[in-house]
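# Notes for the structure review
One letter stands for each residue in the lines below.
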Amino acid sequence: MTTETGPLLPSQPSRLLERWRDESVASVWRRPSDWYHPAVDELAMALLLHDEAEPAAARLGFARGDAGVGIAETIDDLACLYRTTTGAEPPLEVLRALCTGWADAQAGGVALALGLDAGSGLPAADYLRLRLAECYPDDGPTGRLLVVDVAAGTPDGLSRIARSAAVGASLREVFGPARAMASLGSGVFVVLLGEDEPHDEPTARLRVLVDEHASGLGLRDVTRRPLRCWVEPLPATHAHATQRLAQLARP
């Protein structure tokens, strides 16, 4: 017999949705009126039927990102679903699918073709290497690199993805979604700045936002405080610039 806290049966999808929504609205969801989307039905049924949850999670992540829901709120909502069913945290592969779907909704164009970091939703290093080519006219390089290092501690897979999501959301909020920037992996991110573009105020704001997101997601132990940020000029050639990105990336 199913109890209020026990596992739900496939004949009870409406009950699961009600419990999921109640848990989410009471703890993490900001606007109760926009919580429902048909994608929640797919994910709920996948769990109830013990089916593969990753495709449904990716569709839900895309729906949340397309609706303008933040990545932290999206992840927290998924955690509410698993608390109302298994009492455990979402499996890493389901969380990765959710973040990938959310990232696909956030980015477009060439970034999608060249690949996205599933956690942060930012383009990978290949995209930034392509954009760096624009910074090398005949008379020498124009632009600078803002390097952001957030790594601390020894995060598990779930914490690493959540930390990347927090940083990616913060970078987009500070610099805008059209800015050329990338995740280099293992907690290192790079933003392409203009030659004379001020960076002190944006960097200070970025530190505040990342700290807020990290605190909200319980990631302070694996997020550097304060962030290590520095600006460096572009190397003399595009080839040297791509080498520099490789040096900045951790194995």
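A quick note: this is a predicted structure, and the numbers were derived from the prediction, not measured.

### Notes on the packing of helix α4 (residues 71-83) against helix α5 (residues 92-106)
Closest axis-to-axis distance for the α4/α5 pair is 11 Å, and the angle between their directions is 145 degrees. Crossing angle aside, the handedness with which α4 passes α5 is right-handed. Contact residues: Ile71, Thr74, Ile75, Leu78 and Tyr82 in α4; Val94, Leu95, Leu98, Cys99 and Trp102 in α5. Across the contact of α4 with α5, the residue classes break down as nine nonpolar, one polar and no charged.

### A closer look at helix α8 (residues 157-175)
Between the first and last C-alpha of α8 there are 27 Å, a value that for 19 residues agrees with the 27 Å anticipated at 1.5 Å per step. Burial runs high along α8: 15 of the 19 residues are buried. One side-chain oxygen at the N-terminal end of α8 lies 2.7 Å from the backbone nitrogen of Ser159; it belongs to Asp156. Phi turns positive one or two residues past the end of α8, at Gly176, with a value near 90 degrees.

### Overview of the nonpolar core
Core analysis: the biggest nonpolar cluster contains 32 residues, and Trp20, Leu43, Leu78 and Leu81 have the highest contact counts within it. Elements with a contribution of two residues or more to this core: α1 (13-27), α2 (38-48), α3 (54-66), α4, α5 and α8. Setting aside its immediate chain neighbours within four residues, Trp20 contacts Trp35, Val40, Leu43, Ala44, Leu60, Asp77, Cys80, Leu81 and Thr84.

### With respect to the packing of aromatic side chains
Taken as a whole, this structure holds one aromatic pair when the rule is applied. Residues Trp20 and Trp35 carry aromatic rings whose centres are separated by 5.1 Å and whose planes lie at 90 degrees to one another, so their mutual orientation is edge-to-face. In this pair, Trp20 sits in helix α1 while Trp35 sits in the loop between α1 and α2, placing the two residues 15 residues apart along the sequence. Across the pair, Trp35 and Trp20 agree in class, each one buried.

### Observations regarding unusual backbone geometry
Cis rather than trans, the peptide bond between Arg225 and Pro226 has omega equal to -10 degrees. Among the structural elements, Pro226 can be located in strand β4 (residues 223-233). The residue Ser186 is not glycine, and still its phi comes out positive at about 55 degrees. Considering the arrangement of structural elements, one finds Ser186 in the loop between β2 (181-185) and β3 (188-193).

### Examining the environment of Tyr36
Within the secondary structure layout, Tyr36 lies in the loop between α1 and α2. For the pair Tyr36 and Arg21, spaced 15 residues apart in the sequence, the C-alpha separation amounts to 8.1 Å. Polar contacts involving the side chain of Tyr36 include one to the side chain of Asp41, which spans 2.4 Å.

### Focus: α2
Of all the residues in α2, the buried ones are Ala39, Val40, Leu43, Ala44, Ala46, Leu47 and Leu48. Immediately beyond the C-terminal end of α2, within one or two residues, lies His50, with a positive phi of roughly 55 degrees.

### What about the sheet that holds β4?
The strand order across the open sheet built from four strands is β2-β3-β1-β4, with neighbouring strands paired in antiparallel fashion. The sheet terminates laterally at β2 and β4, the two strands that pair on one side only. When strand polarity is set aside, the average angle formed by the axes of neighbouring strands in this sheet is 20 degrees. Across six bridges, strand β1 (residues 144-151) lies against β3 in antiparallel orientation. Note that in β3 the partner of Asp149 across the bridge is Val188.

Quick notes on the rules
- Residues numbered from 1 in each chain as written.
- Predicted model: local features only at pLDDT ≥ 70, side-chain atom pairs only at ≥ 80, totals over all residues.
- Heavy atoms only, no water.
- Axes fitted to C-alpha atoms, helices over the stretch in contact; angles between N-to-C directions.
- Helix = DSSP H or I, 4+ residues; strand = E, 2+ residues; numbered from the N terminus.
- Left-handed = near helix turned anticlockwise from the far one by under 90°.
- Contact = heavy atoms within 4.5 Å.
- Nonpolar A, V, L, I, M, F, W, Y, C, P; charged D, E, K, R; others polar.
- Expected span 1.5 Å × (residues − 1).
- Buried < 20%, exposed > 50% of the residue type's maximum accessible area, 1.4 Å probe, protein only.
- Polar contact = N/O pair within 3.5 Å; in protein donor to acceptor, adjacent residues only side chain to side chain.
- Core = buried A, V, L, I, M, F, W, Y, C linked by side-chain atoms within 4.5 Å.
- Phe/Tyr/Trp six-rings, centres within 6.5 Å; stacked < 30°, edge-to-face > 60°.
- Pairing = 2+ DSSP bridges.

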